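# Close look at the chain arrangement
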Amino acid sequence: MKITVLGTRGIPNIQGGVETHCQELYPRLVRLGCDVTLLTRTPYVPKHDRRSSFKGVRLIHVYAPRKKFLEAIAHTFIGVLYARFIATDILHIHAIGPALLVPFARLLGIRTIVTHHGPDYNRQKWGKTAKFALRLGESLGVRFSNKVITISQVIANIVRDKYGRKDISVIHNGVTRVNPTEASEYIESLGLIKNGYIIAVGRFVEEKGFHDLLKAFSNQKRIDTKLVLIGDADHETVYSNNLKKEAGRIKNILLTGFIKGEKLHQLFSHARLFVLPSYHEGLPIVLLEAMNYNLPVLVSDIPANLEVDLPQNCYFKTGDVRDLTDKLSIKFSEMQKVNFSEILKEKYDWDDIAQSTLVFYDSLLKEVN
């Protein structure tokens, strides 16, 4: 079975939820017998790291202009033509921006699946024109694709209500199970001590809510606690620059930039608390990663976070800095670790997710043959 993948910036180790999703899913599908080709966007893949494959997934590095929304459309257009050229069995498009070109793919006779990772038009970073295009992409992707996957039940309900399409399949994001490490040389190089810091991870964009977290943290007045913000902006904006400047003015805040691998492993392993103050998520992989380390978590009460079904004391009112300030103090004072193993095993295991996706592919091929 030949699968072509579009809609991601690339793999491996590229910032973003869709990117992490693809990095975990497709090597597993290769092991299950699929022939997978994933098209990356060259601005996000350093020239020295443009490998031809990753864990059996064939990588084709395709030009894309690095201009927010335009890059996805231009890249997807080229990618659809490539999928037709290689006579792919299934074209799998991730996210609603690239889904704008689903009718084009279908016109070329390509079996097409869309995975809806969330209503991106709700993100604060987009202007009116981009939001219109994203809504159109959602509409065209849902109406014209052969099959639709959503990563959460919340998104599935939105799609069914808006477009009346009943054959929506929910296949969640997942998490790779790892054990915490005892190694600590990286956190020590940052001046951190075990269990002495809070972490938050994500892109520096408005909908991640890091500005609320900075205010709430500065309200704590704790001299023995540090806040570590892990991530950066894909495209520098007024918001991301102001966020970095504000972080620099507040004592005990560290910015690591975008990191993966052992450095991130150590920061998760020795943190006291994980915070996700987002205004918008599809189904946050980074929350599942924090749960994998059995970290206490504190997250906004948006629908995607509520779907994970955490204990009530793990939530705060979205955008409410006072509530976040109060809950930060309470959660950081709790000494015990928590055990999320059963939740993760039941719904968020990547091996099970890969098996479900393969069954989904098989069903599409049987329907159209």
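About the cut-offs
Residues numbered from 1 in each chain as written. Predicted model: local features only at pLDDT ≥ 70, side-chain atom pairs only at ≥ 80, totals over all residues. Heavy atoms only, no water. Salt bridge = Lys/Arg side-chain N within 4 Å of Asp/Glu carboxyl O. Helix = DSSP H or I, 4+ residues; strand = E, 2+ residues; numbered from the N terminus. Buried < 20%, exposed > 50% of the residue type's maximum accessible area, 1.4 Å probe, protein only. Contact = heavy atoms within 4.5 Å. 1 Å grid on protein atoms, 1.4 Å probe; cavity = no way out; pocket = protein on both sides within 12 Å on 5 of 7 lines; lining within 4 Å. Points joined across faces, edges and corners; volume = space filled by probe spheres on them. Nonpolar A, V, L, I, M, F, W, Y, C, P; charged D, E, K, R; others polar. Pairing = 2+ DSSP bridges. Axes fitted to C-alpha atoms, helices over the stretch in contact; angles between N-to-C directions. Polar contact = N/O pair within 3.5 Å; in protein donor to acceptor, adjacent residues only side chain to side chain. Right-handed = clockwise from strand over helix to strand, strands pointing away.

Attention now goes to the pattern of salt bridges. Opposite charge on two side chains lets them pair, provided their charged atoms get close. The final tally for this structure, using the stated rule, is 18 salt bridges. Between Glu71 and Arg41 there is a salt bridge whose closest N-O contact spans 2.9 Å. Pair noted here: Glu71 is in helix α2 (residues 68-85) and Arg41 is in strand β2 (residues 35-41), with a separation of 30 residues, a long-range link. For Arg41, a relative accessible area of 5% puts it in the buried group. Between Asp232 and Lys244 there is a salt bridge, with the nearest N and O atoms lying 2.8 Å from each other. Of the two residues, Asp232 is situated in the loop between β10 (226-230) and α8 (238-249) and Lys244 in helix α8; the sequence distance between them amounts to 12 residues. For Asp232, a relative accessible area of 22% translates into the label partly exposed. Taken together, the salt bridges that share partners define one network made up of Arg9, Glu19, Arg203 and Asp234.

Before going further, it helps to examine the side chain of Lys208. Tracing the backbone shows Lys208 in the loop between β9 (197-201) and α7 (210-218). Other than its neighbours up to four places away in sequence, Lys208 contacts Arg203, Pro277, Ser278 and Glu281.

Looking now at the layout of surface pockets. A volume near 1,000 Å³ is recorded for the largest pocket. Along the wall of the largest pocket there are 50 residues; nearest its centre are Arg9, Gly16, Gly17, Glu19 and Arg203. Where the lining of the largest pocket is concerned, the elements lending two or more residues are α1 (17-31), α2 and α10 (285-292). Taken together, the residues that form the lining of the largest pocket break down as 22 nonpolar, 13 polar and 15 charged. Looking at the second largest pocket, its volume works out to about 390 Å³. If you trace the second largest pocket, you find 18 residues lining it, with Glu24, Thr176, Leu264, Glu289 and Tyr293 closest to the centre. Secondary-structure elements contributing two or more residues to the lining of the second largest pocket are α1, α9 (261-270) and α10. The greatest single-element share of the lining of the second largest pocket, amounting to 4 residues, is contributed by α9. In terms of residue class, the lining of the second largest pocket is built from 7 nonpolar, 8 polar and 3 charged.

The 8 strands lie next to each other as β3-β4-β2-β1-β5-β6-β7-β8, forming an open sheet whose pairing is mixed. Strands with a single pairing partner mark the edges of an open sheet, and in this sheet they are β3 (53-54) and β8 (168-170). Pairing of strand β6 (residues 112-116) with strand β7 (residues 147-150) involves 4 bridges; the strand directions are parallel. Bridged to Ile113 within β7 is Lys147. Contacts between helix α5 (residues 153-163) and the sheet are confined to β6, β7 and β8, with β8 contributing the most and set at about 170° to the helix.

Turning next to the environment of His75. Among the structural elements, His75 can be located in helix α2. Here Thr40 takes part through its backbone oxygen, which lies 2.7 Å from a polar atom of the side chain of His75.

Now for the sheet that holds β9. Spatially, the 6 strands line up as an open sheet ordered β11-β10-β9-β12-β13-β14, and their pairing is parallel. Looking at the sheet topology across the chains shown, the edges are occupied by β11 (253-257) and β14 (315-316).

A word on the pairing of strand β5 (residues 90-94). Of all 5 residues in β5, 5 are buried, a share of seventy percent or more. Of the strand pairs in this sheet, strand β1 (residues 2-6) and β5 are connected by 4 bridges, and their pairing is parallel. Note that in β5 the partner of Leu6 across the bridge is Ile93. As paired elements, β5 and β6 share 4 bridges and run parallel to each other. Bridged to Leu91 within β6 is Thr112. For the segment spanning β5, helix α3 (residues 102-107) and β6, crossover handedness is right-handed.

Don't take any of this as a statement about function, it's just geometry.
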